[in-house]
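# Working through the structure, step by step
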Amino acid sequence: MKRSGSADLPLHYGYVPQWLAERMAKLGLAITEAIITEYGKQEVLRRLSDPFWFQSLGAVMGMDWHSSGITTSVMGALKRAVNPHSRELGIYICGGKGKYSREAPRELLSVGERTGIDGSYLVRCSKLSAKVDNTAIQDGFQLYMHSFIVSDEGQWTVVQQGMQTGGSTARRYHWHSSSLASFVDEPHTGICGTNQGSILNMVAREASTARDGVMALTVENPKQMLAEAQKLVMPAHHDVRSKDVDLKRLGSILWLARDKRPSDFEELLLLEGVGPRTLQSLALVSEVIYGTPSRFKDPARFSFAHGGKDGHPFPVPINVYDETISTLQTAVHKAKMGNSDKQLALRKLGEIAQKAEKDFKPNNNFEQLIEKEWNESWRYGGRTVFGKAKPPVDQQLKLF
C-alpha cells in the first residue's frame, strides 16, 4: 500500500539519555537490516512514510509513546546507525533537526556522487517538500526538523516536523516518492487536527486559480502529487491508558510470553533460552518487522516492549532491551550467512500471537498489568531519565 500522511503530537521537552540513545541506534539498525533482508530497501522507505508504523517503531524503541520527541530521536538514532552501513544497505539518511536540516542539500549531492543518482533532483524534492509544509500550507506550524531518506536507486521518503507557533503541539509530515504525482495539488488529502481557524492553503484544489497566477509570475511548473494520506493524532495525556491500546492484541502477546514457553511450540525451539519477559518484547519487535499496515493503529501497544524513558507505561528494562537487541542481531547475522532459522522463528513468534487473537478475550486488569511491570522493573535493570528502578518496599525488606 502506498501512502503518506501526518501526525499531531503533544509538544514534549526533554532529552534522550545516552544509555537509551545507544540502544535505540542498535535496535533501529537491527530492525532496518531485518526488513531489508526480508522485503528489500524500498519497504524501509514505505514504512517510514507511514505515520502509524513510525510511531510504533519509536514506542518499541523505548521512547515516550505519544510525544513529539519520537520524531527527532528515532531519525537521529537511525541516521547514526544506518549511515555507516549505507553502502551495504543501500539506504542514506540526510538532514535532521535544527542546523542539521540545512545540511540535507549538501548531503544529498554527496549521495548522488557516490551512487550515480541525480543529487540535484533530490535536493529539489527536499526543498519542495519543506516549502509545501512550511509555506504553501500556513497552518500555524513552523518546520524545525527535516529528514530525507533515499535509496541508492533514487526512491525517497521525507519525515519532517513543525512546531505550533505559541501552542503545545507538533505536527509531523510524511512523504513517499512512489506515490508522488504533484507537489502542489492536494498533496495532503488526509491532514486534519485541531481547528486552527482560517489558514492559507496554496495546495488546496480550490486554490488552483491563485496558483495559476503565481505560476504566471514565477514560470514554475508543478511536479507530482501524494495520492493517499494518513492522519495520526496523539492524545495529550502522557500515561498509557487502556483506551489507547488494542487489549485483544496486547493480551495475546502477554499470553504467549507468560502462560506459554518457546518449548511449547515446535517453530520456536530456536528461541529456547530466551526468558518470558524478553519473549514479550520480541513478539512486539517481530510485529514491527513483519506486521501488516493495519496492525499499527494503536502505537501505544508497542511501548509494552521496552517501556518509556519517562516511565510510561513503565521504566525501560535495560536487561530485556539488550537481550532483544542481541537476539535480533544474531538472527540478522545468521540470515546474511544463509541460515535463516532464527529469523523464521522470530517471524513465527508474531504469527502465533496473532493467531491467538481470534478467540482471545481480554480481562479488565490493565492497571494491574502496568503495576506489575513497575513492581518487577528493578529485576530487569529498569531505568528512566529520573534514575534506576528500585524494588517495592515490601520486597526490599524480604532481602534481609
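Attention in this report is confined to the structure presented alongside it. Note that this is a predicted model, so its numbers are computed, not measured. Sequence order sets the numbering: in each chain, residues are counted from 1 along the sequence as written. With the structure being a predicted model, the display of local features is reserved for residues of pLDDT at least 70 and the display and counting of side-chain atom pairs for 80 or more, all residues being used for whole-chain, interface and lining totals. Values shown for side chains rest on all heavy atoms present in the structure; no hydrogens or waters enter the calculation.

For the purposes of this entry, the term helix denotes a DSSP run of H or I that reaches at least four residues, the term strand denotes a run of E that reaches at least two, and both are numbered from the N terminus. Within the protein one finds 15 helices and 11 strands. Here the protein holds 400 residues, and the buried ones make up 54% of them. Here, two residues are considered to be in contact whenever any of their heavy atoms come within 4.5 Å of each other. Across the protein, contacts joining residues at least 24 apart in sequence account for 70% of those joining residues at least 6 apart. Roughly 17,700 Å² of accessible area belongs to the protein as shown, and the carbon and sulfur atoms make up 52% of that amount. A 1.4 Å probe rolled over the protein chains alone gives each residue an accessible area, and that area as a share of the maximum for its type sets the label: buried under 20%, exposed over 50%, partly exposed in between. Residue exposure ignores everything except the shown protein chains as possible cover, and the areas themselves are Shrake-Rupley values with a 1.4 Å probe.

Note that the residue after His312, namely Pro313, is joined by a cis bond; omega there is 5°. The topology assignment puts Pro313 in the loop between α11 (303-306) and β9 (316-317).

Here we take up the pairing of strand β2 (residues 91-97). Here β2 lies mainly inside the structure; six of its seven residues are buried. Each pair of strands is called paired provided DSSP finds at least two bridges between the two strands. Relative to strand β4 (residues 141-151), β2 runs antiparallel, the two being bridged by seven bridges. Looking at β4, one finds that Gly96 is bridged to His146.

Within strand β5 (residues 156-164), eight of the nine residues are buried, which leaves the element mostly enclosed by the surrounding structure. Linking β4 to β5, which pair antiparallel, is a turn of four residues; within it Gly154 sits at a positive phi near 100°. Sheet topology note: the β5/strand β6 (residues 169-176) ladder contains seven bridges and is antiparallel. The residue of β6 that forms the bridge with Gly162 is Arg171.

Any Lys or Arg side-chain nitrogen found within 4 Å of a carboxyl oxygen on Asp or Glu counts as a salt bridge. Enumeration over the complete set of coordinates arrives at 23 salt bridges. With a shortest N-O distance of 3.1 Å, Arg301 and Glu287 are connected by a salt bridge. One end of the pair, Arg301, is in the loop between α10 (276-290) and α11; the other, Glu287, is in helix α10, and 14 residues separate them in sequence. A single burial state applies to Arg301 and to Glu287, both of which are buried.

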